[in-house]
Amino acid sequence: MRCFIAIDLPEEIHAALTRQQAEFRGALARHDADARWTRPEGIHLTLKFLGHVPEPKVEAVIESLASLGGFDKFSIEVRGLGFFPGPHRPRVFWVGVEAPPALDALVTGVEGAMEKLGFAPEQRDFTPHLTLARFKTPRPQPAIEKLVAERAALSLGKFEVSEFFLFESKLSPHGAEYRKVARFPRARA
């Protein structure tokens, strides 16, 4: 089963992302852009992508994540827009995530737990973000860049993180479909 570990977003954040995507899509519709837009209901904050996990190992993943001992509740603000690797040759268009060190601590715990099970550690630094679109061809996107500059201080809202999930990702002709396999609530008061 294809799996990843992530924080799910509340409905009000999904609604705000849907509105923003519609505006950016409208701006791109007048240009020759090859963007593949993420379905808003499928946007989540990925902590660790695992890839294919054999069925017998899924239980070990769940047990390992459950044994992390919980985490402190923290708030996230969905704010800012940008591109990976940068605006001149973008592959990913994202909205940013501002969070306290507790998010980094959670990611570090998840990474360590998964590394003990044989999953390769992430080679890049963790940069919390929500993917809005991916570009097939990395080339400047002036229509989006203009809107990004106009919305530099845009906030799409805040929410408290009190749980994360192990998700299954099934690829289909209509895009990825996600199913929550296990829930990991915070255990600390």
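The structure contained in this document is the topic of the report that follows. As a convention, each chain's residues are numbered from 1 in the sequence order in which they are written. Restriction of local features to residues with pLDDT of at least 70 applies here, the model being predicted, together with a cutoff of 80 or more for giving and counting side-chain atom pairs; totals for whole chains, interfaces and linings are based on all residues. Side-chain measures here rest on the full set of heavy atoms in the structure, leaving out hydrogens and waters.

## Brief notes about the overall build of the protein
Helix and strand definitions follow DSSP, with helices as H or I runs of at least four residues and strands as E runs of at least two, each counted in order from the N terminus. A count of helices and strands for the protein gives four helices and nine strands. Counting from the amino terminus, helix and strand elements in the protein follow one another as β-α-β-β-α-β-β-α-β-α-β-β-β. Each radius of gyration is computed over the set of C-alpha atoms, and the globule rule expresses the reference value as 2.2 Å times the number of residues to the power 0.38. Relative to the 2.2 N^0.38 estimate, which gives 16 Å for 189 residues, the radius of gyration of the protein is 17 Å and therefore close to what a compact globule would have. Based on the C-alpha atoms only, the size of the protein along its principal axes is roughly 50 × 35 × 30 Å. Burial here depends on accessible area, computed with a 1.4 Å probe over protein chains only, as a share of the maximum for the residue type. Under 20% is buried, over 50% is exposed, and the range in between is partly exposed. Burial statistics for the protein: of 189 residues in total, 44% are counted as buried. The contacts of the protein with a sequence gap of at least 6 include a subset with a gap of at least 24, amounting to 77%. Here the protein has roughly 10,100 Å² of accessible surface; of this, 52% comes from carbon and sulfur atoms. For the purpose of charge, His is not counted, nor are the chain termini; Lys and Arg are scored as positive and Asp and Glu as negative. One atom stands in for each charge, and that atom is NZ of Lys, CZ of Arg, CG of Asp or CD of Glu. Seen as two clouds, the 26 positive and the 24 negative side-chain charges of the protein have centres 4 Å apart. Contacts are residue-level and defined by heavy atoms, with any inter-residue pair within 4.5 Å sufficient. Each accessible area is a Shrake-Rupley estimate made with a 1.4 Å probe; only the visible protein chains count as cover when residues are assessed.

## Regarding the packing of helix α2 (residues 55-66) against helix α3 (residues 101-116)
Between two packed helices, the angle of one axis relative to the other and the distance separating the axes together describe the packing. Interaxial distance between α2 and α3 falls to 10 Å at its minimum, and their mutual angle equals 140 degrees. Our classification of the angle between α2 and α3 gives oblique. Along this stretch, α2 crosses α3, giving a crossing that reads as right-handed. Residue-level inspection shows Val-61, Ser-64 and Leu-65 of α2 in contact with α3, the latter providing Val-110, Ala-113 and Met-114. Residue classes follow a fixed rule: Ala, Val, Leu, Ile, Met, Phe, Trp, Tyr, Cys and Pro count as nonpolar, while Asp, Glu, Lys and Arg count as charged, and any other residue, Gly among them, counts as polar. Here the residues of the contact of α2 with α3 sort into five nonpolar, one polar and no charged. Interaxial angle, 0 to 180 degrees, is taken between N-to-C directions of lines fitted to C-alpha atoms, where a helix line uses only the stretch in contact. Convention used here: angles under 35 degrees read as roughly parallel, angles over 145 as roughly antiparallel, angles from 65 to 115 as roughly perpendicular, and any remaining angle as oblique. Whether a crossing is left-handed or right-handed is set by the direction in which the near helix is turned from the far one by less than a right angle, anticlockwise for left-handed and clockwise for right-handed.

## Observations regarding the pattern of salt bridges
Oppositely charged side chains can pair when the atoms bearing their charge come close. Any Lys or Arg side-chain nitrogen found within 4 Å of a carboxyl oxygen on Asp or Glu counts as a salt bridge. Taken as a whole and assessed by the stated rule, the structure comprises eleven salt bridges. Across the salt bridge formed by Arg-39 and Glu-41, the nearest N and O atoms sit 3.5 Å from each other. Classification of Arg-39 as partly exposed rests on a relative accessible area of 32%. A salt bridge links Arg-179 to Glu-168; the nearest nitrogen and oxygen atoms lie 2.8 Å apart. Taken together, the residues Arg-179 in strand β9 (residues 175-185) and Glu-168 in strand β8 (residues 163-172) connect sequence positions eleven residues apart. A relative accessible area of 9% places Glu-168 in the buried class. One network of salt bridges, with partners in common, ties together Glu-77, Arg-79 and Glu-98.

## Some points on the sheet that holds strand β1 (residues 2-7)
Across the sheet, which stays open at both edges, the four strands sit in the order β3-β1-β8-β9 with antiparallel pairing between neighbours. A strand with exactly one partner marks an edge of an open sheet, and here the two such strands are β3 (45-52) and β9. Direction aside, neighbouring strands of the sheet carry axes that sit 25 degrees apart on average. Paired strands, as defined in this entry, are two strands with at least two bridges between them according to DSSP. Where β1 lies against β8, four bridges are found, and the strand directions are antiparallel. Looking across to β8, one finds that Ala-6 is bridged to Phe-165. Here α2 sits on the sheet in contact with β1, β3, β8 and β9, set at roughly 45 degrees to β9.

## As for the pairing of strand β5 (residues 92-98)
A large share of β5 lies buried, amounting to six of its seven residues. Looking at chain direction, strand β4 (residues 74-84) and β5 are connected through six bridges and run antiparallel. Its bridge partner being in β5, Phe-83 is matched across the sheet by Phe-93.

## Concerning the environment of Phe-4
Tracing the backbone shows Phe-4 in strand β1. Considering only alpha carbons, one finds Phe-4 and Thr-46, 42 residues apart in sequence, at a separation of 7.1 Å. Leave out the neighbours within four places in its chain, and Phe-4 touches His-44, Thr-46, Lys-48, Phe-49, Leu-50, Phe-165, Leu-166, Phe-167, Ser-169 and Tyr-178.

## Some words on the nonpolar core
For our purposes a nonpolar core is just a set of buried Ala, Val, Leu, Ile, Met, Phe, Trp, Tyr and Cys residues, chained together by side-chain atoms within 4.5 Å. Counting residues in hydrophobic clusters, the biggest one holds 52 residues, and the most contacted among them are Ile-7, Phe-93, Phe-164 and Leu-166. Beyond its immediate sequence surroundings of up to four residues, Phe-93 is in contact with Phe-24, Trp-37, Leu-81, Gly-82, Phe-83, Leu-130, Thr-131, Leu-132, Ala-133, Phe-135, Ile-144 and Val-148.

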